[in-house]
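Single-letter residue listing:
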Amino acid sequence: MKFRLRALAVILGLAFLTIISFEVRARQGGGTPRSSGSVITGKVYAFEKIAEGVYYSTSSSLMATGGNHTIIVGDHDVFLVDAGATPAAGRALLEDMKLITDKPVRWVVNTHFHWDHTNANSIFGPEVQIIGHEYVRHAIADLDIVHREPLKTAMANMPIQVDTLKKQMADEKDPAKRATLEKQLAAKQADWEEFKMLKPTPPTMTYSSKLTLFQGQREIQLLFLGRGHTQGDTFVYLPKERIVCSGDMMETQPAYMGDAMFDEWLKSLDALKELDFVTDLPGHGVPFHDKSLITAYQNYLKDFMAKAAELRKQGLSAEETAQKIDLTSHSGDFPQIKGPGAEVRGVRRFYEWMDERPH
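Scope of this entry: the structure provided in the associated data block. (Residues numbered from 1 in each chain as written. Predicted model: local features only at pLDDT ≥ 70, side-chain atom pairs only at ≥ 80, totals over all residues. Heavy atoms only, no water.)

### Side note on the pairing of strand β7 (residues 129–133)
Stage number 1. Burial within β7 is extensive, with four of its five residues counted as buried.
Stage number 2. Examined bridge by bridge, β7 and strand β8 (residues 205–207) share three bridges and lie parallel to one another. Along β8, the bridge assignment pairs Ile131 with Met205. (Buried < 20%, exposed > 50% of the residue type's maximum accessible area, 1.4 Å probe, protein only. Helix = DSSP H or I, 4+ residues; strand = E, 2+ residues; numbered from the N terminus. Pairing = 2+ DSSP bridges.)

The structure is reproduced here in structure tokens:
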């Protein structure tokens, strides 16, 4: 039984890491701005130019880098969307950013409190303002995020993944495959050392509903459009460029739901669709331009809620529902869905949410 539990933990951990790094091509539509197609690649990160002074950063590195970033380069400084998964990832991002600008980062916004977007907050000095919704500061400062989800599972799985790679290396006879495993192991061990030294660092500046900054002539709006993915998600909106950064409130894949406020998420996405934008730069996935993808995700959430509620009514546990729930009808919009099932922490949260609602 102990072995089976450890194996399940490994599978869940690898699945979660796959979820946070997976990239999928979303449907295209709408007007300008479009990506220029210009991509500059550094040691860890690649930077796609979206508009003048606006870049979308992704990584395919073995390093745990977390969510994607939007980099907004002004006349004198840089506004960075999300900090990164670890201090090492944050430092690697700043180093690779030298390929696109020599200007200093002066502003960092945390789109929400999850580890893969905030763990690199600690690398920034007092000259950098870290901004977040007031709930983000509360979560990082008061909720012991190292010992709660989603970081709790990531921390628990890391040493298991290290042990698994060591065993695979010991059993591997092919030199080329062994060399690949060695690189994976070295990266995973480095990530684990980073995880053990994490210093949760809350924002230094907060807002409640809207905060507007000006980077020279560029207007940058930070918007709280309602609860959803968490209780304090920020959209970064560039009205002149008609670009929005949606964090994990709207990805091009099914998002982690372990902190979800399900009915409010639907309403917040309605508010997102009301913004005048033609390019969405999500926290995970790839840029998209068609608002119908947002509607598709709302339909996914509605279907998840209805089916999970029915299975709960039948007496199934959250773990059983996570295995049985069938959302494959949405695979046309979200091809990451390969068969029945859902991430168990999202189902557990849904069960909690149902208990929290007034009867």
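Let us keep going from here.
### Some remarks on the sheet that holds strand β11 (residues 235–238)
Stage number 1. With mixed pairing, the five strands of this open sheet are ordered in space as β9-β10-β11-β12-β13. The sheet terminates laterally at β9 (210–215) and β13 (279–282), the two strands that pair on one side only. Between one strand and the next, the sheet's axes are offset by a mean angle of 20°, whatever the strand orientation.
Stage number 2. Looking at chain direction, strand β12 (residues 243–247) and β13 are connected through four bridges and run parallel. Paired with Ile243 across the strands is Thr279, a residue of β13. (Axes fitted to C-alpha atoms, helices over the stretch in contact; angles between N-to-C directions.)

### So, the nonpolar core
Stage number 1. Ranked by size, the top nonpolar core spans 41 residues in total, and within it Trp265, Leu272, Tyr297, Phe304 and Phe350 carry the most contacts.
Stage number 2. Those elements that provide at least two residues to this core are β11, α7 (262–274), α8 (292–313), α9 (318–324) and α10 (344–356).
Stage number 3. Among the elements that take part in this core, α8 stands out by supplying ten residues, more than any other.
Stage number 4. With residues up to four places along the chain from it excluded, the contact list for Trp265 reads Arg227, Gly228, His229, Asp248, Met249, Ala255, Tyr256, Met257, Ala260, Tyr297 and Leu301.
Stage number 5. Grouped together as the second largest cluster of nonpolar side chains are 20 residues, Leu80, Ala83, Phe124 and Val128 included. (Core = buried A, V, L, I, M, F, W, Y, C linked by side-chain atoms within 4.5 Å. Contact = heavy atoms within 4.5 Å.)

### Quick word on the side chain of Asp233
Stage number 1. Here Asp233 lies in the loop between β10 (218–223) and β11.
Stage number 2. Buried within the structure, Asp233 lacks any salt-bridge partner; its nearest side chain of opposite charge belongs to Arg227, at an N-O separation of 8.8 Å.
Stage number 3. A distance of 2.7 Å separates a polar atom in the side chain of Asp233 from the backbone nitrogen of Thr230.
Stage number 4. Ignoring sequence-local partners within four residues, the contact set of Asp233 consists of Thr111, His112, Tyr207, Leu223, Phe224, Gly228 and Met249. (Lys, Arg positive; Asp, Glu negative; His and termini not counted. Salt bridge = Lys/Arg side-chain N within 4 Å of Asp/Glu carboxyl O. Polar contact = N/O pair within 3.5 Å; in protein donor to acceptor, adjacent residues only side chain to side chain.)

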